[in-house]
Amino acid sequence: MVVDDHPMWREGVARDLTEAGHLVVATSGEGRQAVRVAAAARPDLVVLDLQLPDISGVEVVQGLRAALPDVRVLMLSASGEPQSVLDAVKAGATGYLVKSAGPAEFLDAVRRAAAGEPVFTPNLAGLVLGEYRRLAAAPPTPHDAAPRLTERETEVLRLVAKGLSYKQIAERLGLSHRTVQNHVQNTLGKLQLHNRVELTRYAIERGLDE
């Protein structure tokens, strides 16, 4: 699903996605409408503009995640302001790409975000990781006993925390891409987390990125 208040941009993105083999189930130019439409259309991924005429993109992310907990959201914005990026990620966005990205970079981001990988414009990735490190350094709060992960799940989790893609993890461990995805999904289920961004924060909090 594509959400952007500029008709030409919205239609152009939808066309690019369709030509690349993706099924665009809906489009919208307003935030509240987008949440309603998404609840009915049930997209796997929403490409969402940060600036909308009625409510902010961050509020839309929150509404989408409330209606569809498993939906992936790729923010596509003209703004690369650090606070905008962090607000979007904290609301549950899977990735954040500035609109100056080229077509190939955009389509690659869509593919990776749909698979649950955190995707960020290169100069923003370090910002997000830095924020997670800052949060990890905060005084710990009480946790229930951590669920038991298998040795392989822990190994995959360490590589997730280091920022490797599923493909890179598969090559490093001699596994198939699908097997890596399965390990990540199993780990998310055990830890009761929603996406790979939250998984990365969990791993950093426990020092698994060292």
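Residues numbered from 1 in each chain as written. Predicted model: local features only at pLDDT ≥ 70, side-chain atom pairs only at ≥ 80, totals over all residues. Heavy atoms only, no water.

(A) Local environment of the overall build of the protein. When helices and strands are tallied, the protein shows 10 helices and 6 strands. Counting only contacts in the protein whose residues sit at least 6 apart along the sequence, the fraction spanning at least 24 positions is 64%. Accessible surface computed for the protein: about 10,800 Å², of which carbon and sulfur atoms make up 51%. (Helix = DSSP H or I, 4+ residues; strand = E, 2+ residues; numbered from the N terminus. Contact = heavy atoms within 4.5 Å. Areas by Shrake-Rupley, 256 points an atom, 1.4 Å probe, with all protein chains shown as cover.)

(B) Structural context of the side chain of Thr94. Looking at the secondary structure, you find Thr94 in the loop between helix 4 (82-91) and strand 5 (95-98). For Thr94, a relative accessible area of 2% corresponds to the buried category. Among all residues touching Thr94, those that are not within four sequence positions of it are Arg72, Val73, Ala113, Gly116, Glu117, Pro118, Val119, Phe120 and Val197. (Buried < 20%, exposed > 50% of the residue type's maximum accessible area, 1.4 Å probe, protein only.)

(C) Seen up close, the nonpolar core. Residues Leu48 and Met75 are the most contacted members of the largest nonpolar core, which totals 27 residues. Of all the elements in the fold, those that place two or more residues in this core are helix 2 (31-41), strand 3 (45-48), helix 3 (57-67), strand 4 (72-77) and helix 4. Setting aside its immediate chain neighbours within four residues, Met75 contacts Leu48, Asp49, Leu50, Gly57, Val61, Ala88, Ala93, Gly95, Tyr96 and Leu97. The next biggest cluster of nonpolar side chains, apart from the first, holds 20 residues, and it includes Leu149, Ala170, Leu173 and Leu199. (Core = buried A, V, L, I, M, F, W, Y, C linked by side-chain atoms within 4.5 Å.)

(D) Main features of the pairing of strand 4. Of all 6 residues making up strand 4, 6 are buried, and the element is well covered by its neighbours. Alternating residues of strand 4 divide into Arg72, Leu74 and Leu76 and Val73, Met75 and Ser77, and every residue in both groups is buried. Crossover connection from strand 3 via helix 3 to parallel strand 4: handedness right-handed. Where strand 4 and strand 5 come together, 4 bridges link them in parallel fashion. The partner of Leu76 across the bridge, within strand 5, is Leu97. (Right-handed = clockwise from strand over helix to strand, strands pointing away. Pairing = 2+ DSSP bridges.)

(E) Spotlight on unusual backbone geometry. Located in the positive-phi region is Arg42, a residue other than glycine, with phi close to 50 degrees. Here Arg42 lies in the loop between helix 2 and strand 3. According to the relative accessible area criterion, Arg42 is exposed, its value standing at 57%. Positive phi, close to 55 degrees, is recorded for Gln192, a residue that is not glycine.

(F) Representation of the pattern of salt bridges within the structure. Throughout the structure, instances matching the rule amount to 8 salt bridges. Close ionic contact of Asp108 with Arg111 constitutes a salt bridge, the shortest N to O distance being 2.5 Å. Here Asp108 and its partner Arg111 are both found in helix 5 (residues 103-114), 3 residues apart, which amounts to about one turn of the helix. Judged by relative accessible area, which is 30%, Asp108 ranks as partly exposed. Relative accessible area serves as the criterion here: at 48%, Arg111 is assigned to the partly exposed category. A salt bridge links Asp108 to Arg112; the nearest nitrogen and oxygen atoms lie 3.8 Å apart. Note that Asp108 and Arg112 are positioned in helix 5 at a spacing of 4 residues, about one turn of the helix. Salt bridges sharing common partners tie together Asp108, Arg111, Arg112 and Glu117. (Salt bridge = Lys/Arg side-chain N within 4 Å of Asp/Glu carboxyl O.)

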